Every structure is written in structure tokens, then in C-alpha cells.
Amino acid sequence: MNQEQEELLERKCFEFADRLSDIYVEAPDDPTAWRLRQLHFAAVKTGVFVRKSLMHDSRREHAHHMLQACIHALESEYWLQLLVSKEPFEALNQALQQVKEIIVMLSQILKLKNFNPNY
């Protein structure tokens, strides 16, 4: 993964967490607010682990943080699917598409790391 792709991934994670922050702030009295809180936490952790991975020189630590980012992205996707099944609205559907793109990017990175010992 080159630096341009890493910056794109980091930007996508930030935009995803920012979108969910907006949704969470707009719905403080919503009965599903606890789900939004969990979703927001997972989304933020995705971005945090991507950022941590980009700061490490060690391939092992880089891969570990990318794996953690992928786990939190999958958790975000799960929470979004639950929320969309209860109350589908456009902002959640857009966030679901965003997290799916992030998961694809993270999966590609992890596959590359597992199959390319020189990465």
C-alpha cells in the first residue's frame, strides 16, 4: 500500500466517523441512542487503529493495527445493519456504504500482508 492509498484510507475513516458523529448528535433522545453510541465508538476506533498502523515501522504492529481497524469496521457494519433494519434513513444507508468501502480496503491490505512477506 503506497502513501497515497494510506492517506485515502485514513481520510475515508475520518469522514465515516464524522458522519456518524453528526447522526449521533442529532438524535440524543432517540430510543436507539445506545446503539448509535456503540456504532460511533466502533467507527472512531476504526480510524484510530488505521492512524496507529500508519505510525509504526514494524510490519507486525502495522498488520496488527490494520486487523484491529478491520474488526471495528466490521462491528460498525453490523451496528449499521441493525439500525437500518429498524429505521432505514438515508444517512445510515450512506454510512453503511462508506463502511463497506473501508472494509474492502482493509481486507485488501490484510490479504496483501498475509501473502507478501516483503510488504
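Higher on the page you've got the structure.
Below or above, wherever it landed, is the structure these notes cover. All figures in this text were calculated on a predicted structure; none of them were measured in a lab.

**Comments concerning the pattern of salt bridges**
Reasoning step 1: Tallying each qualifying case throughout the model produces 2 salt bridges.
Reasoning step 2: Across the pair Lys12 and Glu101 runs a salt bridge whose closest N-O atoms are separated by 2.8 Å. One end of the pair, Lys12, is in helix α1 (residues 3-26); the other, Glu101, is in helix α4 (residues 90-115), and 89 residues separate them in sequence.

**Focus: the state of the cysteines**
Here a disulfide denotes a covalent bond joining the sulfur atom of one cysteine to the sulfur atom of another.
Reasoning step 1: A full pass over the atoms with the stated rule returns 0 disulfides.
Reasoning step 2: Here Cys13 stays unpaired: no disulfide links it, and the sulfur of Cys70, its closest cysteine neighbor, is 10 Å away.
Reasoning step 3: Accessibility expressed as a relative area gives 1% for Cys13, which makes it buried.
Reasoning step 4: For Cys70, a relative accessible area of 7% puts it in the buried group.

**Quick word on helix α2 (residues 33-54)**
Reasoning step 1: Here α2 spans 32 Å end to end across 22 residues, near enough to the 32 Å set by a 1.5 Å rise per residue.
Reasoning step 2: For α2, the full list of buried residues reads Ala33, Arg35, Leu36, Leu39, Ala42, Ala43, Thr46, Gly47, Phe49, Val50 and Ser53.

**What to know about the packing of aromatic side chains**
Reasoning step 1: If you walk through the whole model with that rule in mind, you get 1 aromatic pair.
Reasoning step 2: Plain terms: the ring middles of Trp34 and Trp79 are 5.7 Å apart, the flat faces sit at 90° to each other, and that makes the pair edge-to-face. Pair noted here: Trp34 is in helix α2 and Trp79 is in helix α3 (residues 59-86), with a separation of 45 residues, a long-range link.
Reasoning step 3: With a relative accessible area of 43%, Trp34 lands in the partly exposed category.

Each value, and the rule that gives it
- Residues numbered from 1 in each chain as written.
- Predicted model: local features only at pLDDT ≥ 70, side-chain atom pairs only at ≥ 80, totals over all residues.
- Heavy atoms only, no water.
- Salt bridge = Lys/Arg side-chain N within 4 Å of Asp/Glu carboxyl O.
- Helix = DSSP H or I, 4+ residues; strand = E, 2+ residues; numbered from the N terminus.
- Disulfide = S-S within 2.5 Å.
- Buried < 20%, exposed > 50% of the residue type's maximum accessible area, 1.4 Å probe, protein only.
- Expected span 1.5 Å × (residues − 1).
- Phe/Tyr/Trp six-rings, centres within 6.5 Å; stacked < 30°, edge-to-face > 60°.

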